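# Coordinate analysis (summary)
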Amino acid sequence: MILGMVEFARLADLCRRLRTSPGRLDKLAMLADYLRALPPDAVGPAVAFLTGRPFPQSDPRVLGVRWLPSLTDGPAAATSLTLGDVAVAFGEIAEAGGAGSRRTRDDLLRALAARASADEREMLQRIITGEMRTGVSDGLVLEAIARAFAAPLESTRRAALRLGDLSAVAVLAARGGAAALTSASVRPFVPLLPMLAQIAEDFEDVLEAHGGTSALEYKYDGARIQLHRDGERVGIWTRRLSEVTRSLPDVVETARRELGAAPFILDGEVLALDAAGRPLPFQELMRRFRRVHEVDRLVREMPLTLYFFDCLMADGRSLIDEPYASRWEALTRVTGGRHLAERLLATTPEVAREFQAKALAAGHEGLVAKDLRSTYEPGGRGKRWFKLKTAETVDCVIIAVDRGSGRRSQWLSNYHLAVRDGEAFADVGKTFKGFTDRQFIELTERLWTLAVSDDGYTVRVRPEVVVEVAYNEIQKSPTYRSGMALRFARITRIRDDKAPSQATTLDELSRLYERQFATKGRSV
Ligand code: AMP
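Residues numbered from 1 in each chain as written. Predicted model: local features only at pLDDT ≥ 70, side-chain atom pairs only at ≥ 80, totals over all residues. Heavy atoms only, no water.

## Notes on the overall build of the chain
Looking only at helices and strands, the chain features 17 helices and 19 strands. Counting only C-alpha atoms, the chain reaches 90 × 55 × 45 Å along its principal axes. Buried positions account for 50% of the 524 residues belonging to the chain. Taking all contacts inside the chain whose residues are at least 6 apart in sequence as the whole, residues at least 24 apart take part in 71%. With the model as given, the accessible surface of the chain reaches about 24100 Å², and the carbon-plus-sulfur share is 50%. Taken together, the 75 basic and 70 acidic charged side chains of the chain have centroids lying 2 Å from each other. (Helix = DSSP H or I, 4+ residues; strand = E, 2+ residues; numbered from the N terminus. Buried < 20%, exposed > 50% of the residue type's maximum accessible area, 1.4 Å probe, protein only. Contact = heavy atoms within 4.5 Å. Areas by Shrake-Rupley, 256 points an atom, 1.4 Å probe, with all protein chains shown as cover. Lys, Arg positive; Asp, Glu negative; His and termini not counted. Charge placed at Lys NZ, Arg CZ, Asp CG, Glu CD.)

## Focus on the environment of Gly97
With respect to the element layout, Gly97 can be found in the loop between helix 4 (83-95) and helix 5 (102-114). Overall, the relative accessible area of 41% leaves Gly97 in the partly exposed class.

## Some details on the nonpolar core
With 63 residues, the main nonpolar core has Leu227, Ile236, Leu266 and Phe289 as its most contacted residues. For this core, the leading source of residues is strand 6 (residues 304-314), giving nine residues. Excluding residues within four positions of it along the chain, Phe289 makes contact with Ala223, Ile225, Thr238, Val244, Ser247, Leu248 and Val270. Core analysis: the second largest hydrophobic core is formed by 60 residues, Ala46, Leu140, Val141 and Ala144 among them. (Core = buried A, V, L, I, M, F, W, Y, C linked by side-chain atoms within 4.5 Å.)

## Some points on the side chain of Ser155
Along the chain, the position of Ser155 falls in helix 8 (residues 153-163). The residues touching Ser155, leaving out its near neighbours within four places in the chain, are Leu181 and Thr182.

## A few points about the site of the ligand
Residues in contact with the ligand amount to 15 residues; listed here are only the nearest, Glu217, Arg224, Glu269, Lys370 and Lys387. Considered on its own, the ligand offers 490 Å² of accessible surface; in the complex 97% of this is hidden by protein. Of all elements in the fold, only strand 2 (214-219), strand 9 (366-370) and strand 10 (381-389) reach the threshold of two or more residues within the shell around the ligand. In terms of residue count, strand 10 provides more of the shell around the ligand than any other element does, four residues in total. Of the residues in the shell around the ligand, the class split is five nonpolar, no polar and ten charged. (Near = heavy atom within 4 Å. Nonpolar A, V, L, I, M, F, W, Y, C, P; charged D, E, K, R; others polar.)

## Comments concerning the sheet that holds strand 3 (residues 223-230)
Spatial ordering of the open sheet is given by 4-3-5-6-7, a layout of five strands whose pairing is antiparallel. For this open sheet the edge positions go to strand 4 (233-238) and strand 7 (317-318), each flanked by a neighbour on one side alone. In this sheet, strand 7 lies alongside strand 6 in antiparallel orientation, the contact comprising two bridges. Looking across to strand 7, one finds that Ala314 is bridged to Arg317. Each of strand 3, strand 4, strand 5 (264-272) and strand 6 is contacted by helix 12 (residues 282-290), which is oriented at about 30 degrees to strand 3, the strand it contacts most. (Pairing = 2+ DSSP bridges. Axes fitted to C-alpha atoms, helices over the stretch in contact; angles between N-to-C directions.)

## So, the packing of helix 3 (residues 40-50) against helix 9 (residues 166-182)
Interhelical geometry of helix 3 versus helix 9 gives an angle of 155 degrees and a closest axis separation of 8 Å. On the basis of the axis angle, helix 3 is roughly antiparallel to helix 9. Relative to helix 9, helix 3 is oriented so that their crossing is right-handed. Residues Pro40, Asp41, Val43, Gly44, Val47 and Ala48 of helix 3 form the contact with helix 9, whose own contacting residues are Leu166, Ser167, Ala170, Val171, Ala174 and Arg175. Within the contact of helix 3 with helix 9, the residues separate by chemical class into eight nonpolar, two polar and two charged. (Parallel < 35°, antiparallel > 145°, perpendicular 65-115°, else oblique. Left-handed = near helix turned anticlockwise from the far one by under 90°.)

## Quick word on the domain arrangement of the chain
Looking at the assigned domains, one finds that the chain contains domain 1 (3-182), domain 2 (196-389) and domain 3 (393-518). Computed over C-alpha atoms, the centres of domain 1 and domain 2 are 36 Å apart. Every contact between the two is made by four residues of domain 1 and, on the other side, four residues of domain 2. Per-residue buried area on domain 1 facing domain 2 is highest for Pro60, Leu161 and Arg162; these three make up 91% of the total on that side. (Domains from an automatic or database assignment. Buried area = accessible area lost by both parts, 1.4 Å probe.)

Right, dumping it as C-alpha cells:
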C-alpha cells in the first residue's frame, strides 16, 4: 500500500471516533493503531492532518485559505479521496499564492471538495481551520508515535525537540524505529527549542555545579533569536519559534555577509539601541519583530545589535552533542570573533562578582553562567545554564518569626515577611538569611517585646519592624495569602527610618511581578 492509496475517509472516521471517546488512553490506543497500520510515506501527512495542519510543522508552505468554498454543484461524492490526493491538492493551493490568486485557490479547493464525501468535507474544513476538536494534543500524538513504532517515549520526545516537527518524527520512527529517533539530527531551517537557564542565588553554588569553572556571559535584555543559514537562504526564529525572517532584513544581511561556515545555526540575543547606545525597552524591540510591511524605514530608525552565544551547527554538522567549550570555538569560527556575547571564564566567586559588576555597570541585566562541559539541551532548563540577575529589593514588615533550630534554637530566626494589603499584611515569604549572629540577637530581643502569641514554634509579633529584602524573582504561590512569593529572599538591612505604613504594598508587588515578564521576552 502506498500513500496514494490510503483512504482519507479512514482518517475522517478516526477523528469522529476520537471526538466521541473521552478517555485519554482510548484515544492513545486508537491513534497508535491507526499510525501503525499506515505505510511509512503516509505517516507524515496523516500526522499533520491529525494535528490540524495542512502541512508538517517544518514545512514553510501555507494554504492561504480559511474555509472551504460552498459547493453549489450537487451532492457530496461517493468517497474516493486518498491522503495523497489531499496532500497534493493542498500543495497546489499553497503554490497558487500571490496576487490575483484567490480565484485559482478557490477553484482548486472547490475541485477537491467536489470529490469529497460529507464526512470528508467536514474533515477538510477542520484541517483548513486547524480546529480538529478531537481532544488530541501534540503531546498525545507524540505518545502515539512512540507506541505505534515501539520506540521509547524519551527518545521520541528528544527527536521532537530536535526536529521541531511531529510529522518528521513519525516518518523517522515508521522507517527506522527507535534507532532512527535516537540519531535524529539537527537540520537547517528546522528551529530547535532554545536551551533555558535556571535562576541561581550565588556564584559559590554555580561554580560548584559547574565543576570549578564557569563560562560567564553578559545577560543581554533583548530578545532571543535562532539564526539559520544555508547558502544564501537565511531563517530567523524567536524563543517561541515564530519565524521573523521577513521583519529582520538587516540580520539576514549580516548572516550573508559577515558569517561563514554555512550551513550554520546560531543562538543569540538581539538588542535595539537608542541614539546614545543604550538598550531600548523590550516593547520597542517587539515593534521590529512584528513589522512585515515597510520594514525598511523601521530598520533605519531602530538598528539592531547582535550578541551570539551558541553554535548548534557549523559546516552542516550538528554540534548539540558537543561540549559548550567546542561549540564556542565553532561560534568564533562562524563569526570571525564579531557579534559575540561578552564572556569570561571564572574559577573564583571574586572574579565572577567583579565581572557581574561590569555587566551591570554597562547597563545589562546580569550574567548567565554556563557549564563548559555541557551539551545543548533544546527546551531544557537546568543547572547547566544559570542566570544571575541583580537582586531587586522591597520593604517588608516582619509579622511573625519561627524559633531557630540547632545553633540558633535560642533565637527567633526565620522571619515571616509581609507586604501591605490595605490595613492588613499579606505574607510573601520567609527568610533566615542576611544577618550576622549579633544582628540576630538584637532583633530577637526586639521581636520578643512585640510578641502577641507563641505556639511554641511560631511567635506572632506586632507588625512594626520594616526590613529591606532582596530577592531574585517573584513567583506565583498558592502557599501565601498574597498569592506571590519572593524567591531567594534575604534581609539586606533594617529600615528603622520607615514606618510599617510605608512598606511595599501588594499592588506594587503585583506590578513588579508583571514587569518581570515585560522585560523577559516571554511573549515571543
Ligand atoms: P530569562 O528570560 O530570565 O529566563 O533568561 C533567559 C534569557 O536570557 C534567554 O532566553 C535569552 O533570551 C537571554 N540571554 C541574554 N543573554 C544571554 C546569554 N549570554 N546566554 C543565554 N541567554 C541569554
